Structure formats: C-alpha cells, structure tokens
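Single-letter residue listing:
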Amino acid sequence: VMKIKYKILLLIDCIVNLLLGILLLLFPIGVIDFLGLPQTNTNFYPSILGAVILGIGLALLFELAGQAKRFRGLGLGGAILINIVGSLVLIFWLIFGSLDIPIKGRMVLWIVGAIVFLIGIVELATKSWIYEN
C-alpha cells in the first residue's frame, strides 16, 4: 500500500513536471518570450526538453495510478535524482553561465530551480522513496 506522504510528493512532482513539459512542448517560443528565458534559433531544444519533462511527469503519474494494479512508472527515487541534478545544473548556469537574459527570465529560472531543488530535498528527507516490506 502506497503511503500518503509518498502519494502527495509523487502528485506534486507529477503536476510540476506535467505543466512545465506541456508548456514547453506546445508553446516553446511564446513561453520562452513570456518568461524572458534565453532565446534559441530553433524550437527543437525547447520541444525536446518539453517532451522529456512531460515524459517524466507521465511516468510519475503512471507510478501514482498504477500502484493498485501493480505496475511501475518512475518512483520517487528516480524523481529525486532528476530533480536534484536538473536543478543544480540550472543553478550552476545562473551563477556561472553568461546568460544574456532579462531580470524577469533570471527570476523565473531561479524560482524553477529553487522549487525543483526543494521538491527533491523534501522527497529525499522524508525517505518516502524507501520501500518498506
């Protein structure tokens, strides 16, 4: 039986990934302009990133919904690694990269980096990713 804290963390992580993935996948140029993020000369990279993030969100949803049917998606252990590594790389770029973006874009990226990092830390700290038999 899936513990309630596991379900809550899985759901929060799932929602964040699904929303960000859908936005990037469906509206790469509009979202990039609106949020003040670094420009690209192609929709390829934002679309691929959106697809990957959407896939992560769907895998988390699959994990959440599939527990009763005994099938697995992406558990919190994998989500923790993705969240911490992804957020640390983003934060590294914000601190050391020479991103020529407006303050609005920097704020959005710092907020995203902080939220994703904090989700990973909370998931890690609760030890809800450890199976109990």
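To be clear, the structure that these remarks concern was listed above.
Please read these numbers as outputs of a predicted model, since none were measured by experiment.

### Focus on the overall build of the chain
And step 1. Counting secondary structure elements, the chain contains five helices and zero strands.
And step 2. With the C-alpha coordinates of the chain rotated into their principal frame, the extents come out at 50 × 25 × 15 Å.
And step 3. Looking at the chain as a whole, 35% of its 133 residues are labelled buried.
And step 4. Look at the contacts in the chain between residues 6 or more apart in sequence, and 69% of them connect residues 24 or more apart.
And step 5. As displayed, the chain has an accessible area near 8300 Å², and 76% of this comes from carbon and sulfur atoms.
And step 6. Looking at the chain, you have 9 positive and 6 negative side-chain charges, and the mean spots of the two groups are 11 Å apart.

### Focus: a nonpolar patch on the surface
And step 1. A contiguous nonpolar surface patch, about 430 Å² in accessible area, is contributed by Ile-22, Leu-23, Leu-25, Leu-26 and Phe-27.
And step 2. Along the chain, Phe-27 falls in the loop between helix H1 (4–26) and helix H2 (28–35).

The rules behind these values
Residue numbering note: each chain is counted from 1, following its sequence as written. Only residues with pLDDT of at least 70 get local features here, since the model is predicted, and only at 80 or more are side-chain atom pairs given and counted; chain-wide, interface and lining totals rely on the full set of residues. For side-chain calculations, the full set of non-hydrogen atoms in the structure is used, while hydrogens and water are omitted. Every helix listed is a DSSP run of H or I at least four residues long, and every strand listed is a run of E at least two residues long, numbered separately from the N terminus. Three labels apply to residues, based on accessible area from a 1.4 Å probe with only protein chains included: buried if under 20% of the type maximum, exposed if over 50%, partly exposed otherwise in between. Only heavy atoms matter for contacts: two residues are in contact if any of them lie within 4.5 Å across the pair. All accessible areas in this document rest on Shrake-Rupley with a 1.4 Å probe, and a residue is counted as covered only by the protein chains that are shown. For this count, His and the chain ends are skipped, Lys and Arg are scored as positive, and Asp and Glu as negative. To locate a charge, the coordinates of NZ of Lys, CZ of Arg, CG of Asp or CD of Glu are taken. Only residues whose relative accessible area exceeds 30% and that form no salt bridge enter a patch; like-charged residues are grouped when within 9 Å of one another, and nonpolar side chains (Val, Leu, Ile, Met, Phe, Trp, Tyr) when within 5 Å. Every case where a carboxyl oxygen of Asp or Glu lies within 4 Å of a side-chain nitrogen of Lys or Arg is listed as a salt bridge.

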